[in-house]
Amino acid sequence: MDLDKPPVRQPPQQPEGCLVVAIRLPVRIVALVLVLPVRMAWDAFVVACRFLNDLLLRPLGRALLWLGRAVVVLPLVGLWRYVVVPLGKALAWLGNVLVVAPLVWCHRYLLTPVGHALLWLYARVLTPAVIGLAAALAWLARYLVVVPARLLYDWFLAPVGRAVTWCVVGVGRLLALLVRGVGWVLYWVARVLFVLPALALWRWFLAPVGRVLALVGREAWDALRHAWRVAGYISLAVGRFLGTLLRWIFVEPVRWVYRSVLTPVGHVVRDVVLRPAAAAARAVGRTVRQSLAAARASVRQARADVRRLLLGEPRRPQPVARREPSGRETRTLDSSTTALTKD
């Protein structure tokens, strides 16, 4: 808030007359009675539209958007990228080879020399001929047309035009004087017959009636706005009451049943039935796995015994002498393993 600026003074309100007060209260009551059902229906329609938008239209729009992207956009992008662009490049190269290069060659080696030849012909041959012909025609036009026309204008047309102009100006002034007089007469006749009665009608009848109608219209508009706001508050209160009633009739009983009945029953079923059944299933699975492991071991042992009976004992690898000490023994001076100190 700017403290440097002086506070703006509100203009004093004019005192309202008894006619305004007498019109305002009935109009506002009637407007409230008429507007309240419309406002409640409008609020119900808005709530239904929001509910429909959140549950149906928005998911449907997202699904349609995804479907349009998958069905239309991606195929078009692929068509543009892998068909239209390579085809356009091929057509551009073909047009350059078949059209642009021949036209450039034709312009460079054919049209340009012909143009230079025509330009030299125009500058060296046609221009002097045209200039001489234009000079001859200008001299003939000057002495055959311009000089006689100037003499005709100076000795005949100009005096006749001045005389006609003087006559027209005189007639125009006379007509203007007549029109001015007729206009003055018609002005006073119209003023006396039309303007003064219309002015009196406006001042003593139409203006008061217009003020009354404007007052009624303004009060009706204010009443409608006030009724719309009041109807909004009433509709909000009714909506909250219905929401509270719906919560106490449906939501709270369902919540109480879920919390007080279904949850303990679910816990009992989980502790008494599901957990013992899961433990028994795990024990049975463990027993089955152990039985399968024992059976696999027995099968492997039987297969090894059969192989030993048929093929004999497998040959074991012969130990190889190692130069490096085996195990965790360390090298010493007495037991060297190098080629130079070995016995």
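Numbers given for residues are sequential positions, taken from 1 along each chain in its written order. Selection of residues for local features in this predicted model requires a pLDDT of at least 70, selection of side-chain atom pairs for listing and counting requires 80 or more, and totals for whole chains, interfaces and linings are taken over all residues. Side-chain measures were taken over the full set of non-hydrogen atoms in the model, leaving aside hydrogen atoms and water.

1. Points about the overall build of the protein chain
The helix and strand tally for the protein chain stands at one helix and zero strands. The contact criterion used is simple: two residues touch if any of their non-hydrogen atoms lie within 4.5 Å. The long-range share in the protein chain, meaning contacts at least 24 apart out of those at least 6 apart in sequence, stands at 72%. Each accessible area is a Shrake-Rupley estimate made with a 1.4 Å probe; only the visible protein chains count as cover when residues are assessed. About 30,900 Å² of surface is accessible on the protein chain, with carbon and sulfur atoms providing 72% of the total. Starting at the N terminus, helices and strands are each numbered in turn, a helix being any DSSP run of H or I of at least four residues and a strand any DSSP run of E of at least two.

2. Describing the pattern of salt bridges
What makes a salt bridge here is a side-chain nitrogen of Lys or Arg within 4 Å of a carboxyl oxygen of Asp or Glu, nothing more. Applying the stated criterion across every chain yields a total of eight salt bridges. When the shortest N-O distance is used, the salt bridge between Arg150 and Asp154 registers 3.2 Å. On the criterion of helical spacing, the pair formed by Arg150 and Asp154 is a turn pair, its members being four residues apart in helix α1 (residues 18-311). Burial classes: relative accessible area under 20% of the type maximum marks a residue as buried, over 50% as exposed, and values in between as partly exposed (1.4 Å probe, protein chains only). Classification of Asp154 as partly exposed rests on a relative accessible area of 37%. Note that Arg275 and Asp271 form a salt bridge whose closest N and O atoms lie 3.3 Å from each other. Taken as a pair, Arg275 and Asp271 lie in helix α1 at a separation of four residues, close to a single helical turn. Connected through shared salt-bridge partners, Arg247, Glu252 and Arg255 make up one network.

3. Looking at the nonpolar core
Working definition of a nonpolar core: buried Ala, Val, Leu, Ile, Met, Phe, Trp, Tyr and Cys residues. They are joined through side-chain atoms within 4.5 Å. Ala31, Val35, Ala223, Ala227 and Ala231 together form the largest nonpolar core, which totals five residues. Apart from the residues lying within four places of it in its own chain, the contact partners of Ala227 are Ala31, Leu32 and Val35.

4. Things to note about a positive patch on the surface
Here the term patch refers to residues with relative accessible area over 30% and no salt bridge, with like charges joined within 9 Å and nonpolar side chains (Val, Leu, Ile, Met, Phe, Trp, Tyr) within 5 Å. Counting rule for charge: Lys and Arg are taken as positive, Asp and Glu as negative, and neither His nor the chain ends is counted. We put the charge of a Lys on NZ, of an Arg on CZ, of an Asp on CG and of a Glu on CD. Together, Arg296, Arg300, Arg303 and Arg307 line one region of the surface with positive charge. With respect to the helices, strands and loops of the structure, Arg296 is situated in helix α1.

5. So, the confidence of the model for the protein chain
Low pLDDT means the predicted atomic positions in that stretch should not be read closely. A residue's pLDDT is the predictor's confidence in that residue, given on a scale from 0 to 100. The pLDDT averaged across the protein chain works out to 80; a share of 83% of its residues lies at or above 70. Note on residues 11-15: pLDDT is under 50 here. Beyond four places in sequence and across chains, it has zero contacts. Scored below 50 in pLDDT, residues 338-343 makes one contact in the model with residues more than four places away or belonging to other chains.

6. Some words on the packing of aromatic side chains
The rule is short: rings of Phe, Tyr and Trp, with Trp giving its six-membered ring, pair when the centres are within 6.5 Å, and they are stacked under 30 degrees, edge-to-face over 60, tilted in between. Evaluation of the coordinates by the stated rule reveals four aromatic pairs. Ring geometry for Trp184 versus Trp188: centroids 6.5 Å apart, planes at 70°, classification edge-to-face. One end of the pair, Trp184, and the other, Trp188, are both in helix α1, four residues apart, so they sit about a helical turn from each other. Under the relative-accessibility criterion, Trp184 is labelled exposed at 57%. For Trp188, a relative accessible area of 41% gives the class partly exposed.

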